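Coordinate inspection notes
Chain residues, written in single-letter form:
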Amino acid sequence: MITETSAVSFRQNLGEMLNQVQYRHDSVVINKDGKPVAALVDARLFERIRRMQDRFDALCRRIESGFAQVPQVDGLAEIETAIAIERAQKRSSA
């Protein structure tokens, strides 16, 4: 479960929030001025997120190196074409 709270409320209820995360494996989104600024998550989930981020970064580097010789204009045109095809397929199947 994801709970949202203000920074002030989070500060006032830190112990309770830590228990929610530790024992119920909930997550807490902390808002400041009505906007999310941080999240408190279970340590195991955080570790999974870090591993996923590392894998994502490695994948991005591989994609970048694979397309390093493609001019940016050509790459962006190819992306736009792929988007247009996908949108057309979704419209025709709806």
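Residues numbered from 1 in each chain as written. Predicted model: local features only at pLDDT ≥ 70, side-chain atom pairs only at ≥ 80, totals over all residues. Heavy atoms only, no water.

A few words now on a nonpolar patch on the surface. Taken together, Leu59, Ile63, Phe67 and Val70 make up a surface patch of nonpolar side chains, about 350 Å² in accessible area. Note on placement: Val70 falls in the loop between α3 (43-66) and α4 (72-93). (Patch = residues over 30% accessible without salt bridge, like charges linked within 9 Å, V, L, I, M, F, W, Y side chains within 5 Å. Areas by Shrake-Rupley, 256 points an atom, 1.4 Å probe, with all protein chains shown as cover. Salt bridge = Lys/Arg side-chain N within 4 Å of Asp/Glu carboxyl O. Helix = DSSP H or I, 4+ residues; strand = E, 2+ residues; numbered from the N terminus.)

Moving on: unusual backbone geometry. Residue His25 is not a glycine yet carries a positive backbone phi of 60 degrees. As for its position among the elements, His25 is in the loop between α2 (14-24) and β2 (27-32). For His25, a relative accessible area of 42% gives the class partly exposed. You will see that Asp33, though not glycine, has its phi angle at about 55 degrees, which is positive. Positionally, Asp33 belongs in the loop between β2 and β3 (35-40). Its relative accessible area of 75% is what places Asp33 among the exposed residues. (Buried < 20%, exposed > 50% of the residue type's maximum accessible area, 1.4 Å probe, protein only.)

Take the nonpolar core next. Grouped together as the largest cluster of nonpolar side chains are six residues: Phe10, Met17, Val21, Val28, Ile30 and Leu40. Secondary structure elements with two or more residues in this core: α2 and β2. Setting aside chain neighbours within four positions, we find Met17 in contact with Thr5, Phe10, Val28 and Leu40. (Core = buried A, V, L, I, M, F, W, Y, C linked by side-chain atoms within 4.5 Å. Contact = heavy atoms within 4.5 Å.)

This brings us to the pattern of salt bridges. In this structure the tally under the stated criterion is three salt bridges. A salt bridge links Asp42 to Arg44; the nearest nitrogen and oxygen atoms lie 3.6 Å apart. Between Arg50 and Glu47 there is a salt bridge, and its shortest N-O distance comes to 3.4 Å. A residue pair is termed a helical-turn pair when its members lie 3 or 4 positions apart in one helix, as Arg50 and Glu47 do in helix α3 at three residues. A residue is classified by how much of its surface remains accessible, and Arg50, at 44% relative accessible area, is partly exposed. Assessed through its relative accessible area of 32%, Glu47 is described here as partly exposed.

Right, let's get into the confidence of the model for the protein chain. On average, the protein chain scores 94 in pLDDT, and the residues at 70 or more come to 100%. Across the protein chain, element-level confidence peaks in β2 with a mean pLDDT of 97 and bottoms out in α4 with 93. (pLDDT = per-residue confidence, 0-100.)

Mapping Ala43 onto the fold places it in helix α3. In this structure, the C-alpha to C-alpha distance between Ala43 and Lys90, residues 47 residues apart in sequence, is 39 Å.

Now for the layout of surface pockets. There is about 240 Å³ of room inside the largest pocket. Surrounding the largest pocket, Ile63, Glu64, Phe67, Ala68, Val70, Pro71, Gln72, Gly75, Leu76, Glu78 and Ile79 form its lining. Every element with two or more residues in the lining of the largest pocket is listed here: α3 and α4. Classifying every residue of the lining of the largest pocket gives seven nonpolar, two polar and two charged. (1 Å grid on protein atoms, 1.4 Å probe; cavity = no way out; pocket = protein on both sides within 12 Å on 5 of 7 lines; lining within 4 Å. Points joined across faces, edges and corners; volume = space filled by probe spheres on them. Nonpolar A, V, L, I, M, F, W, Y, C, P; charged D, E, K, R; others polar.)

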